[in-house]
Structures are given as C-alpha cells and as structure tokens.
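Close look at the chain arrangement
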Amino acid sequence: MSQLRALAAVLRGAGVGGSQWLPWCGGGGPARRWVEPRRGCSSAATHGSSYVEQMYLAWLEDHKSVHESWDTFFHNIQASSPSGEAGERRPSALLQGRALSHSADTTRKVVEDHLAVHSLIRAYQVLHTHLTHASDLDRSFQLPPTTFIGGGDNPLPLKEIVRRLEISYCGHIGVEFMFINNVDQCQWIRQKIETPGIMQFSNAEKRTLLARLIRSTRFEDFLARKWSSEKRFGLEGCEVLIPALKTMIDTSSAAGIDNVIMGMPHRGRLNVLANVIRKDLDQIFCQFDSKLEAADEGSGDVKYHLGLYHERINRETDKNITLSLMANPSHLEAVDPVVQGKAKAEQFYRGDTQGKKVMCISIHGDAAFAGQGVVYETFHLSELPSYTTHGTIHVVVNNQIGFTTDPRVARSSPYPTDVARVVNAPIFHVNADDPEAVMYVCRLAAEWRSTFNKDVVVDLVCYRRFGHNEMDEPMFTQPLMYKQIRRQQRVLRKYSDRLIAEGVVTLQEFEEEVAKYDKICEEAYKSSKDEKISQIRHWLDSPWPDFFTAEGEPRSMNCVPTGLNEEVLQHIGQAASSVPLEDFKVHPGVSRILRGRAELVKSRQMDWALGEYMAFGSLLKDGVHVRLSGQDVERGTFSHRHHVLHDQGVDKRMCVPMNHLWANQAPYTVCNSSLSEYGVLGFELGFAMASPNALILWEAQFGDFHNTAQCIIDQFISPGQAKWVRHNGIVLLLPHGMEGMGPEHSSARPERFLQMSKDDPDHFPEFNGDFEVQQLYDCNWIVVNCSNPANYCHVLRRQILLPFRKPLIIFTPKSLLRHPDARSSFDELADGTKFKRVIPDEGLATQNPDQVKRVIFCTGKVYYELARERRQHKLERDIAIIRLEQISPFPFDLVRAEVEKYTNAELVWCQEEHKNMGYYDYVRPRLLTVVADRKPVWYVGRDPAAAPATGSKFTHLNELKRFMDTAFDLRAFHGNDA
C-alpha cells in the first residue's frame with residue numbers, strides 16, 4: 001500500500017482537480033455541513049493522518065460526536081477489515097490509553113489504506129492515469145459513494161478496482177468532469193461512465209451504425225472518384241462524424257426536440273448536407289459542374305459554404321424534425337454566435353423557455369476551437385439570461401493538425417477543448433476509430449444536454465487522411481504522421497470486419513448495403529447532368545415562407561407612410577415619462593429625466609430618447625417584437641435611455657415601462673450584453689434570421705467598437721444576401737461624432753460601410769414605380785445618419801414596414817441626445833408622414849434660390865454647427881444647407897432636385913471627419929454624376945489623417961473653427977481647380 005499512500009499524499013498536497021483529496025469534500029461527493037468548523041475538509045488537508053486519527057478516536061468514544069460522513073466511513077472500514085486488523089472496539093480502554101502507540105499506528109494504517117484507495121479512484125477520475133501495484137492487490141477495500149465501478153459489488157479486491165477503473169477511464173473514452181462544481185452532475189457522469197457493462201448496443205443498433213458509416217464513407221469515396229481534382233474538404237479520417245450527429249439528433253428527438261440548428265466549418269459539410277440534413281444528392285453533385293449557370297442575383301458561394309433548411313421525419317423516433325445548417329464563410333468559428341442567436345430566437349418565438357424543443361449543435365475543428373477568440377465569447381453567452389440557448393452540443397473534429405501546423409505550436413493548453421472548462425462543460429474525448437464508443441458518448445452528450453440544459457463537448461480524436469484540401473500535400477510538413485496515416489486501416493473496414501466476426505451481419509449483407517448506396521449515388525450523378533442552372537434559393541438556411549411569395553419575392557414594392565396618430569404619440573409619451581408600478585422608488589436623477597420627458601410631451605416635442613420610444617412602442621402595439629442588445633443599452637451609454645428602471649430600495653427589483661404600454665402588445669426585450677462585440681453582434685444577427693416580423697437592434701457602446709466585430713459585418717451582414725440569398729433586417733446603432741473625445745470615441749468609421757455599399761457611383765439609376773423602395777431593394781444595406789428624433793423614429797418604423805429586409809446601419813448621435821435644437825415636433829410624426837431621405841433647407845435661401853451662392857451638403861451633427869455659424873455670419877440668404885439623412889443608397893432623385901433648385905450655386909460637401917474618412921469619397925462621385933460633371937464639388941472638413949480624431953481638445957476646436965471659416969468664406973474656392 002505504500003504506493004497508494006504516496007499517491008494519497010500527493011493528491012492531498014496538490015488538490016487535484018481543484019478539490020481536496022478527501023472523497024467527501026469539494027467536488028468529490030455531496031456537499032455537507034460539518035458539526036464543527038475545525039472538522040471540515042480544510043482541516044483534514046492541513047493535519048493529515050493525525051487529524052484522521054483524532055476523528056477515529058472521537059468516533060470510538062461516541063459515534064454521534066463526529067459528522068455522519070465520518071460515522072459511515074469508519075463503520076465501512078470496520079466492516080471490511082480482516083479479523084483483528086482494526087481491533088475490537090473497547091471505548092474505555094481507548095479512553096484510558098490514547099497514548100498507546102500501537103493503537104494509533106493501527107488506526108493510522110487502516111484509515112490511510114482505505115483513503116489511499118479512494119485517492120486512487122479519484123486519480124483515475126481526474127487524471128485517467130494507469131497505476132499498477134505489486135502488493136495488496138488481493139486485499140478488499142470498501143468503495144466510496146463517489147464511484148459506481150462496484151455495480152452491486154462492495155467491497156472489491158484492489159486488483160478488481162484497478163481493472164474496472166482501467167476499463168472506465170483508460171480505454172477509448174476519456175472524460176474531463178472533475179472541475180465541475182456541481183455534485184449531482186459529477187455523479188451523473190460517473191454513473192454513466194463507471195457502471196460495469198453500461199456501454200451495450202443491440203444488434204439492430206449496430207447494424208444501423210454500420211449503415212450510417214457506409215453512407216458517410218462511400219459518399220466521400222464517390223466524390224473522390226468523380227471529382228478527383230476538385231476541392232471538397234472531405235471527411236476522410238473522421239467518417240464517424242455522420243453517425244455521431246445522427247445519434248445526437250435521434251436521442252434529442254426522443255427527448256422532445258423537434259428543431260436542431262447546426263453550424264460547422266467547411267470540412268465534412270457536403271457529407272453532413274447529404275447524410276444528416278438529407279439534401280438531394282443530385283443538387284449537391286451539380287455544384288461540381290463548372291458550366292452551371294447562376295440563376296439568382298448576387299455572387300453565390302462555393303458549395304462547401306452553403307447551408308440548408310429541411311423538415312423531415314426522424315426514422316428512429318418517427319417524429320417530425322426540422323434541421324438547419326447555417327451557411328458559413330471560411331472564417332472558422334464565425335458562425336458560432338450566429339447559430340446561438342437563431343436558436344435563441346426560435347426558442348423565444350415558440351415560448352420554449354427551457355430549450356426542450358429547440359437546440360443547437362456546433363461542429364468545430366481542433367485548431368480553430370483552441371485558437372479563435374469568438375469561441376470563448378460564445379461560451380460566455382451560454383449562461384446569460386437573455387442569450388442562453390439552454391445547452392449546446394459541441395463536436396470537435398480533432399484532426400490533431402491545423403492546416404500544416406502541429407498542436408505543439410498551435411495552442412498552449414493540453415487539449416484543444418480546454419476553453420470549455422470556463423463554463424463547467426463536461427468534455428468527452430473519444431477515439432473516432434471506435435464507432436460504438438463514439439455513439440455511446442454522443443448519446444451521453446445528448447442526454448446531458450436534455451437533463452441539465454448545459455453545454456457539453458465531444459472531442460472526436462481522429463486524423464485527416466489527406467491534406468487541408470484534396471490538392472494539398474501534407475508530407476511536406478508532417479512526413480512521419482502521414483506515413484502512419486497511410487498505413488491506417490479505415491474505420492469502415494475495421495468495424496465491418498468486427499461485426500462480421502461477431503455474426504451481427506454477414507459479408508454478403510455488408511456488400512449489398514455498400515452496393516445499394518453506391519447505386520443511389522450513381523443515379524443521382526446521372527440526374528445531376530440535367531441541371532443547367534444553380535438555384536441558390538434552394539440552399540436557404542432561414543426561409544420566411546409567409547413573408548415572401550413562393551418564388552422568394554416581395555409581395556409588393558411599396559412602403560406605407562410611417563407616421564402615427566396623435567393618440568398613439570400621447571399614450572407612448574406618457575408611458576415613457578412615468579413609472580407603471582406602485583411603490584417603486586426610482587433614482588432622483590431618473591425622476592428628473594422622467595419629468596423632463598413629461599414636459600416635452602406636454603409641449604408636443606420629442607428628444608432622441610422619446611423618438612426611439614415612439615418607434616419601439618408603436619411597433620410593439622402592432623405585434624412586432626423589439627429586441628435591443630449591446631453593452632449598457634438598458635440605461636444607454638450616455639444615460640439618455642433608461643428603459644430599465646431600478647428600485648432604489650429593493651435589490652434586483654426592476655421595471656421595463658415599455659412592456660406596460662398596451663394590453664396585447666408584443667414583448668420588448670432590452671438586455672445589457674457581455675463585454676463582447678464579435679460574439680454578441682453575431683448572436684443578434686442570428687436572432688434576426690428567425691423572423692422578419694421583429695426589430696432586432698445591436699448598439700455599440702461607441703461606434704468605433706464595431707471594429708472588433710468586423711468579421712460579422714464583412715462576412716455576414718454586408719454580403720449575406722449576395723452570397724446566400726438571405727434577407728436580414730438587423731439594425732446597428734453606432735454612436736458617432738467628432739466632439740473632442742479622442743480617437744477611440746469619435747468615429748463609427750462610416751467610410752467602411754460606404755465602401756462596401758454596392759450602388760454604382762457613375763450611374764444615375766432609373767426606376768419605374770417607387771424610386772425609393774426599388775433603390776432600397778437593390779442595395780445590400782442601408783446607411784443613414786439622422787439629424788433629428790422624428791426621422792430616427794421614421795427610419796426604424798420603415799425598417800419593419802418595408803416589404804423586404806435589409807441591414808440598417810444608423811450613425812447615432814452623442815451630444816445631439818440633449819441638444820436643444822435637435823428636437824422634433826409631434827407634427828413631424830403625424831399620420832401620413834414618412835422618413836426624409838434628404839432634408840432640404842427650409843429657411844430664407846428658399847425664397848430666392850437663384851440668388852443662393854453656395855449649397856452645402858452635409859449629414860448628421862455637423863448640420864447644427866453649420867446652421868449656428870451661418871446665423872452668426874448672417875448668410876441665410878446666400879448659403880443653403882441640405883442634410884443627407886440617407887447616405888446609402890444615395891438619394892440621386894432628391895439630390896438632383898435640390899441641385900436643380902439652386903442653379904447658380906457652387907456645390908460643397910462639408911463633413912467633420914477627416915478627408916480620407918467619413919463620407920466624402922462616397923458622396924463626391926455621386927454628386928458629380930448628378931450634375932453630369934458640369935460643376936465641381938468642393939470639400940470642406942478636416943485634413944487627411946491617420947487617426948480618426950485628435951486627442952487634444954484645443955486642436956479639435958481649432959480644426960472645427962478652420963473648416964467652419966472655410967465653409968462660410970464665399971471666396972474660398974475662387975481660382976481653385978476642382
């Protein structure tokens with residue numbers, strides 16, 4: 001027993017797995033309340049065997065003087081000890097002779113031997129280590145309640161204990177779970193892993209597994225034969241992924257799940273589409289035809305990025321199930337939060353508050369799972385109330401290589417799955433060449449998710465038979481690894497040989513099943529030759545059949561006015577300026593804000609916060625769900641919103657007045673997010689995919705913070721419709737404005753959004769019908785910078801009332817939130833009014849437009865600075881100021897009307913941003929198109945710079961004064977070349 005006692009000492013000192021070595025302490029068993037603090041786990045760890053001896057002597061004196069766990073433990077030891085080993089119980093003798101060394105030595109040896117066995121069991125559970133012992137192997141020991149290896153046998157000989165531990169933890173399945181700080185969850189896993197003989201499969205289950213493995217393997221073989229020189233990112237080396245996913249889906253379906261949303265990278269995607277989602281094979285095969293014409297608008301995407309939505313019957317459970325595989329770019333893991341967001345939306349709209357109907361499965365590569373930060377961001381959403389999807393099954397296809405990079409230089413953690421530990425997700429490592437072990441683990445993962453509604457990770461330890469793609473040569477960088485891989489027998493061959501040897505199937509039956517699937521592939525291949533046009537619409541992952549026509553077209557090309565009647569405006573205004581709950585004590589500062597709103601409503605005026613309230617409240621009245629998410633959105637970064645009120649006298653008592661507007665309104669969700677942009681924006685994008693009848697908004701704390709979510713913007717939001725024919729109406733609120741706050745809190749980088757807008761600067765569009773709606777339909781997204789609250793309200797309402805969906809980018813103000821001039825009258829939101837793409841000058845300049853010398857086009861906050869400066873220079877008759885509220889798509893029609901009004905005026909574009917940033921490079925060529933290059937367009941604004949704004953307030957004000965002087969110097973451009 002010396003080796004076991006040494007192990008126990010090591011575990012005592014190290015606190016393996018974050019817990020003390022004693023099996024009834026920390027994560028190793030039920031949490032118990034000690035009779036005395038000094039007899040707790042920490043004391044045991046500190047005093048070691050002398051403490052155990054004291055407890056034992058106290059127990060001998062009086063069983064009730066120690067905690068029941070000690071009482072049970074010492075009873076078990078006494079019952080299992082050989083005759084004479086523990087000695088007879090003689091309380092009086094012990095009390096009189098505690099100092100007798102032989103009693104202490106005997107006690108210490110008995111207790112420490114049993115504790116050493118307990119530590120041995122824990123070592124296997126934590127470390128999955130192999131241990132052998134030359135002595136005491138035939139000696140029997142009592143098993144602790146933290147193991148299930150006994151089955152119905154207790155005690156067991158040490159050699160049998162070791163044998164059963166080896167079977168449970170040192171075979172083809174390894175499980176990391178001892179870091180989980182929930183005893184019931186740990187016990188659940190122990191029972192599923194340790195119970196003798198628990199991993200059993202019927203012959204019918206084995207035949208089903210073999211059939212699925214045949215389909216997975218032969219699909220890849222067929223593609224390799226027909227298109228040997230094409231990239232397909234095949235699944236060879238991890239063919240077991242297909243039966244693994246189907247097992248998860250089967251088990252989840254049996255538990256009540258009827259909607260599974262999946263995300264994955266490119267490797268194995270075609271196989272998943274064919275054999276899990278069940279996309280028609282001829283539709284997959286025709287994608288390899290280089291002569292296939294694209295029928296849909298946009299660019300389309302490569303076949304191994306496409307997604308799919310499919311409803312079918314699950315053959316194992318005979319239940320309906322809907323499967324969605326989300327389209328994904330090559331940016332590995334970018335789809336993770338998108339999948340979560342769509343699943344959350346589906347749960348929300350169905351009232352699935354516990355995730356019992358809708359779930360998601362995310363498939364990852366080992367290198368990306370360890371290396372991509374969005375994985376961590378997504379994990380941290382898993383337990384947040386407004387973001388949880390009540391458990392995701394993560395499947396890692398662990399090729400043990402990333403493109404050409406070895407794990408030793410690709411990650412610092414022992415395993416690629418270690419990131420999952422942060423949310424206490426159990427991690428099941430399984431040898432992918434053992435299909436039955438994989439199926440058991442996948443069934444276990446689905447049961448875990450169903451039981452505890454928490455994340456779980458399945459690590460399929462496999463290999464990649466070829467290079468990163470089929471054209472790549474892996475021997476350049478991993479010669480020894482790929483020599484071994486080429487000698488490796490494929491898993492289908494191994495498993496079929498095993499089942500044939502067991503008599504589960506015959507060789508003839510196996511060959512017939514292979515021939516049957518090969519015939520299906522050949523027939524689909526012949527059918528695919530008839531396909532001449534690629535219909536990307538058939539690959540849509542988030543269809544809206546009730547919103548569009550059967551052909552996917554808008555039901556109309558008109559947009560109704562976005563105004564509201566007076567009664568609705570007054571009702572919303574009163575609700576926005578009051579507290580709907582009784583005995584609710586708000587902060588004095590909030591009370592002052594509410595009183596200010598009430599005064600505005602009384603005078604039929606609105607500021608920015610009230611304009612937003614009008615938009616949200618009116619949509620809720622019409623049954624449109626509104627969700628606002630982002631950092632600090634409940635209060636608002638600039639303390640203007642206050643959509644969640646906090647009782648100053650009762651902890652965690654909150655009130656959302658927006659949810660008390662109407663009796664049968666739609667719900668309003670406003671939620672502060674984690675300090676994440678990439679993950680949260682991706683989540684909200686996914687949420688917006690589920691339904692077109694919802695206004696989903698993400699607000700950046702400051703506009704430039706969106707740059708850490710640039711991948712979502714560049715790969716999903718901007719090109720999403722072009723690549724995947726997927727409409728999405730997500731709204732980005734990006735606070736923007738040069739106000740001397742430094743380079744990081746000034747610019748929302750409008751130039752980036754405008755550069756990605758697809759309208760042609762050199763072509764004046766000609767449309768029949770509604771110019772505005774047609775132009776919006778043809779764009780990839782809408783970019784606006786509203787200068788007053790009424791227009792902000794209108795554009796939010798237009799977003800829902802349009803007959804299609806486009807992403808909406810709004811550069812929102814900071815100082816204008818409280819600017820006395822930046823207010824709107826209720827009249828600007830009256831019935832029949834609508835969003836103004838351009839706000840013309842309404843002052844003295846309009847009285848004699850032929851006498852106007854200069855027309856200044858601008859957008860956003862700078863208008864108020866220009867208007868103030870114009871008043872000071874008394875140039876209201878000489879200079880007209882025109883606001884572009886919608887920048888993209890460019891309002892050619894309205895701008896032309898304004899230019900034609902002021903025929904003798906020179907044209908100026910004024911912006912507060914630097915010349916190489918902002919809107920100038922986008923607006924100038926379009927203004928020149930409007931005037932057919934007959935007039936120059938002059939620039940007024942800050943000079944080019946590397947940083948978006950200065951950090952010096954003094955410099956900021958000097959820059960502002962300089963370009964304001966230029967804007968109102970009517971001789972500034974005389975003699976200059978355009």
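Below is a short write-up of the structure. (Residues numbered from 1 in each chain as written. Predicted model: local features only at pLDDT ≥ 70, side-chain atom pairs only at ≥ 80, totals over all residues. Heavy atoms only, no water.)

1. Considering the packing of aromatic side chains
The way to describe two aromatic rings as a pair is by their centre distance and the angle between their planes. Cut-off, in case you're wondering: Note on aromatic pairs: the rings of Phe, Tyr and Trp (six-membered ring only in Trp) are paired at centre separations within 6.5 Å, and the planes decide the class, stacked below 30 degrees, edge-to-face beyond 60, tilted for the rest. Residue exposure (1.4 Å probe, protein chains only): buried if accessible area is under 20% of the type maximum, exposed if over 50%, otherwise partly exposed. The secondary structure listing takes helices from DSSP runs of H or I that are at least 4 residues long and strands from runs of E that are at least 2 residues long, numbered from the N terminus. In this analysis the charged atom, NZ for Lys or CZ for Arg, is taken to sit over a ring once it is within 6 Å of the ring centre and within 35 degrees of the ring normal.
Inspection of every chain in the model, using the stated rule, returns 34 aromatic pairs. Here the aromatic rings of Trp544 and Phe548 are separated by 6.2 Å at their centres, their planes lie at 10°, and the arrangement is stacked. When its relative accessible area of 7% is taken as the criterion, Phe548 is described as buried. Here Phe811 and Tyr919 contribute two aromatic rings whose centre-to-centre distance is 6.3 Å and whose plane-to-plane angle is 70°, an arrangement assigned as edge-to-face. Here Phe811 is found in strand β21 (residues 808-812), whereas its partner Tyr919 is found in the loop between β27 (906-914) and α31 (920-930), with 108 residues between them in sequence. Across the pair, exposure class does not vary: Phe811 and Tyr919 are buried alike. Through successive ring pairs, a cluster of aromatic residues spans Phe219, Phe222, Trp227, Phe285, Phe288 and Tyr525. A cation sits over an aromatic face here: Arg627 above Tyr387, 5.2 Å from the ring centre.

2. Some words on the sheet that holds strand β17 (residues 668-672)
What counts is decided by this rule: Pairing between strands requires that DSSP locate at least two bridges from one strand to the other. For every element, the axis is a line fit to its C-alpha atoms; helices are fit only across the contacting stretch, and the angle between N-to-C directions ranges from 0 to 180 degrees.
Across the sheet, seven strands lie side by side as β17-β14-β18-β19-β21-β20-β26; this open sheet has mixed pairing. Each end of this open sheet is capped by a strand with a single partner; those strands are β17 and β26 (886-888). Across the sheet, the mean angle from the axis of one strand to that of its neighbour is 20°, orientation sign disregarded. Looking at chain direction, strand β18 (residues 694-699) and strand β19 (residues 731-735) are connected through three bridges and run parallel.

3. Observations concerning the environment of Gly596
As for its placement among the helices and strands, Gly596 is situated in helix α21 (residues 588-602). For the pair Gly596 and Ser577, spaced 19 residues apart in sequence, the C-alpha separation works out to 7.8 Å.

4. A few points about the packing of helix α23 (residues 678-689) against helix α24 (residues 710-717)
Applied cut-off: Should an angle fall under 35 degrees it is taken as roughly parallel, and over 145 as roughly antiparallel, whereas 65 to 115 is taken as roughly perpendicular and any remaining angle as oblique. Contacts were defined at the residue level, with two residues in contact if any of their heavy atoms lie within 4.5 Å. Charged means Asp, Glu, Lys or Arg here, nonpolar means Ala, Val, Leu, Ile, Met, Phe, Trp, Tyr, Cys or Pro, and polar covers whatever is left, Gly included.
Where α23 contacts α24, the two axes come as close as 8 Å, and the packing angle between them is 30°. One element, α23, and the other, α24, form an angle in the roughly parallel class. In this structure, α23 contributes Tyr678, Leu681, Gly682 and Leu685 to the contact, and α24 contributes Cys711, Ile712, Ile713, Phe716 and Ile717. When grouped by side-chain class, the residues that make up the contact of α23 with α24 number eight nonpolar, one polar and no charged.

5. Concerning the pattern of salt bridges
Where we set the bar: Whenever Lys or Arg places a side-chain nitrogen within 4 Å of a carboxyl oxygen from Asp or Glu, that contact is recorded as a salt bridge.
One pass over the full model with this rule turns up 47 salt bridges. When the shortest N-O distance is used, the salt bridge between Lys206 and Glu502 registers 3.3 Å. Taken together, the residues Lys206 in helix α9 (residues 203-226) and Glu502 in helix α18 (residues 491-502) connect sequence positions 296 residues apart. Taking relative accessible area as the criterion, Lys206 reaches 13% and is therefore assigned buried. Judged by relative accessible area, which is 41%, Glu502 ranks as partly exposed. The partner of Glu906 in a salt bridge is Arg854, and the shortest N-O contact between them spans 2.6 Å. One end of the pair, Glu906, is in strand β27; the other, Arg854, is in strand β24 (residues 854-858), with 52 residues separating them in the sequence. Via salt bridges that share partners, Lys206, Asp434, Glu436, Arg498 and Glu502 belong to a single interconnected network.

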